[in-house]
Amino acid sequence: MKVLVIGANGTTGTEVVTLLGTSKKHTTYSMVRKEEQMDKMKDLGSIPVLGDLEKDFESALKGMDTVIFAAGSGGHTGPEKTTAVDQLGAMKSIDYAKNQGVKHFIMLSSVGTEHPEKGPEALRHYLKAKQVADQHLLDSGLTYTIIRPVMLTDDSPTGHITAARNLENVRSKITRNDVAAVLVAALDMEEVKNKIIEIAEGSDAIKAALQHT
């Protein structure tokens with residue numbers, strides 16, 4: 001399977017590429033914005049392709065079977081960048097995926113996107129952007145998986161999570177590596193297709209947790 005990771009140079013995206021490179025189960029392509037980022041992706045076992053979410057990057061999706069959208073504007077940017085990357089960049093990715101016949105689109109979203117107005121004020125614009133992008137995917141007709149983690153940490157991976165359509169405890173946390181492992185696991189699991197899944201730290205092995213959502 002040919003898998004394109006969009007946002008491959010980001011913190012979580014790099015974890016995804018690393019896991020895919022380690023497993024060598026699929027042919028991994030990593031979309032990056034700058035040529036100087038390409039050697040890093042090669043070292044991780046992927047094939048780098050250039051693409052900028054704020055420009056035309058449809059050629060990066062040509063021939064791909066699955067897309068993992070792990071891009072994000074980051075907390076240090078303003079609302080304009082959030083809209084450009086998390087909303088419009090994601091929407092373009094979805095449109096390009098549909099045009100190119102991609103079979104499965106895996107979206108890294110966030111808990112709280114269903115009701116952005118209830119989130120912390122500082123996060124409402126971000127959550128709204130994610131909400132719009134998620135809805136665009138739901139309306140696209142593509143086979144999708146939307147993964148919505150709680151707060152991300154840089155702690156060591158546990159390999160265990162809790163997963164549900166709606167988590168009761170949204171103040172929990174989860175490691176970036178475990179989120180990346182969920183995104184990678186979703187590649188080969190029929191059980192997660194056409195589902196929205198919220199995830200947090202927990203006691204169940206990742207695949208077992210996902211099988212029961």
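Notes on the structure in this doc start here. (Residues numbered from 1 in each chain as written. Predicted model: local features only at pLDDT ≥ 70, side-chain atom pairs only at ≥ 80, totals over all residues. Heavy atoms only, no water.)

### Notes on the layout of surface pockets
What counts is decided by this rule: Only protein atoms enter the 1 Å grid used here. Points where a 1.4 Å probe fits but cannot escape make up a cavity, open sets with protein on both sides within 12 Å along at least five of seven lines make up a pocket, and a residue lines them when an atom lies within 4 Å of a point. Grid points are joined across faces, edges and corners, and a volume is the space filled by probe spheres set on the points. The secondary structure listing takes helices from DSSP runs of H or I that are at least 4 residues long and strands from runs of E that are at least 2 residues long, numbered from the N terminus.
Approximately 210 Å³ is the volume found for the second largest pocket. Taken together, Leu19, Leu20, Ser23, Lys25, His26, Ala181, Val184, Ala185, Leu187, Asp188 and Lys207 form the lining of the second largest pocket. Of all elements in the fold, only helix H1 (11-23) and helix H5 (176-185) reach the threshold of two or more residues within the lining of the second largest pocket.

### Observations concerning the nonpolar core
As a reminder, the rule being used: By convention a nonpolar core is built from buried Ala, Val, Leu, Ile, Met, Phe, Trp, Tyr and Cys residues, the set being connected through side-chain atoms within 4.5 Å. Only protein chains enter the accessibility calculation, which uses a 1.4 Å probe. A residue is then buried if its area is under 20% of the maximum for its type, exposed if over 50%, and partly exposed in between. Contacts are assigned to residue pairs with any non-hydrogen atoms lying within 4.5 Å of each other.
Residues Val16, Ile161, Leu183, Ile199 and Leu210 are the most contacted members of the largest nonpolar core, which totals 37 residues. For this core, the secondary structure elements donating two or more residues are strand E1 (2-6), H1, helix H2 (38-43), strand E5 (104-108), strand E8 (160-164), H5, strand E10 (195-201) and helix H6 (206-211). No other element matches H5, which puts seven residues into this core. Leaving out residues up to four positions away in the same chain, Leu210 has contacts with Ile161, Ala163, Val182, Ala185, Met189, Glu191, Val192 and Ile197.

### Thoughts on the packing of H1 against H5
So the rule is basically this: Axis lines are fitted to C-alpha atoms, over the contacting stretch for helices. Their N-to-C directions set the angle, which ranges from 0 to 180 degrees. When an angle is under 35 degrees it counts as roughly parallel; over 145 it counts as roughly antiparallel; between 65 and 115 it counts as roughly perpendicular; any other value is oblique. A clockwise turn of the near helix away from the far one marks a right-handed crossing, whereas an anticlockwise turn of less than a right angle marks a left-handed crossing. Amino acids are sorted into nonpolar (Ala, Val, Leu, Ile, Met, Phe, Trp, Tyr, Cys and Pro), charged (Asp, Glu, Lys and Arg) and polar (every other residue, Gly among them).
Between H1 and H5, the least distance of the axes is 8 Å, while the angle of their chain directions is 55°. Taken together, H1 and H5 sit at an angle that is classed as oblique. For the pair H1 and H5, the sense of crossing is right-handed. Side by side, H1 and H5 meet where Thr11, Thr12, Glu15, Val16, Leu19 and Leu20 of the first sit next to Arg176, Asn177, Val179, Ala180, Ala181, Leu183 and Val184 of the second. Of the residues that constitute the contact of H1 with H5, the class distribution is eight nonpolar, three polar and two charged.

### Considerations on the side chain of Thr14
This is how it is decided: In protein, a polar contact requires one atom able to donate a hydrogen and another able to accept it; more generally it is a pair of N or O atoms within 3.5 Å, and residues adjacent in sequence count only if both atoms are side-chain atoms.
When you line up the elements, Thr14 lands in helix H1. A polar atom in the side chain of Thr14 sits 2.8 Å from the backbone oxygen of Gly10. Looking at Thr14, its side chain comes within polar contact range of the side chain of Lys40, at 3.5 Å. The contacts of Thr14, once residues within four sequence positions are left out, are Ala8, Asn9, Lys40, Met41 and Leu44.

### Some thoughts on the environment of Ile146
Along the chain, Ile146 falls in strand E6 (residues 144-149). Separated by 47 residues in sequence, Ile146 and Lys193 have C-alpha atoms that sit 8.8 Å apart. Each residue touching Ile146, except ones within four places of it in the same chain, is listed here: Met107, Ser109, Asp134, Leu137, Leu138, Lys195, Ile196 and Ile197.

### Section: the environment of Ala186
You can see Ala186 is positioned in the loop between H5 and E10. Beyond its immediate chain neighbours, meaning those up to four positions away, Ala186 contacts His104, Ile106, Thr145 and Val192.

### Some remarks on unusual backbone geometry
Phi at Lys24 takes a positive value of approximately 55°, unusual for a residue other than glycine. By the secondary structure assignment, Lys24 is in the loop between H1 and strand E2 (27-32).

### Things to note about the sheet that holds E2
Rules: For two strands to be treated as a pair, DSSP must find at least two bridges joining them.
One open sheet accounts for nine strands, arranged E3-E2-E1-E4-E5-E6-E10-E8-E11; its pairing is mixed. Two strands in the sheet have a free side with no partner beyond their single neighbour: strand E3 (47-50) and strand E11 (204-205). Two strands pair when backbone bridges link them, and strand E4 (residues 66-69) and E5 are joined in this way by four bridges, in the parallel orientation. Looking at the pairing, Thr66 lines up with His104 of E5. With respect to the sheet, helix H4 (residues 124-140) is in contact with E5, E6 and E10, its orientation differing from that of E6 by roughly 160°.

### Describing the packing of aromatic side chains
Convention followed: Any pair of Phe, Tyr and Trp rings, taking the six-membered ring for Trp, is counted once the centres come within 6.5 Å. Such a pair is stacked with planes under 30 degrees apart, edge-to-face with planes over 60 apart, and tilted for the rest.
The full count for this structure, using the stated rule, is one aromatic pair. With a centroid separation of 4.8 Å and an interplanar angle of 80°, the aromatic rings of Phe57 and Tyr96 are classed as edge-to-face. With Phe57 in the loop between E3 and E4 and Tyr96 in helix H3 (residues 79-99), this residue pair connects regions lying 39 residues apart in the sequence. Looking at Tyr96, the relative accessible area reads 12%, which means it is buried.

### Notes on the pattern of salt bridges
Applicable threshold: One speaks of a salt bridge when a side-chain nitrogen belonging to Lys or Arg is within 4 Å of a carboxyl oxygen belonging to Asp or Glu.
Enumeration according to the criterion identifies nine salt bridges in this entry. For the salt bridge of Lys25 with Asp188, the shortest nitrogen-to-oxygen distance reads 3.5 Å. Of this pair, Lys25 sits in the loop between H1 and E2 while Asp188 sits in the loop between H5 and E10; the two residues are 163 residues apart in sequence, bridging distant segments of the chain. Its relative accessible area of 37% is what places Asp188 among the partly exposed residues. Notably, a salt bridge pairs Arg165 with Glu114, separated by 2.5 Å at the nearest N-O pair. Remark: Glu114 occurs in the loop between E5 and H4 and Arg165 occurs in the loop between E8 and strand E9 (173-175); sequence separation between them is 51 residues. For Glu114, a relative accessible area of 30% puts it in the partly exposed group. Through salt bridges with shared partners, one network takes in Glu114, Asp134, Arg148 and Arg165.

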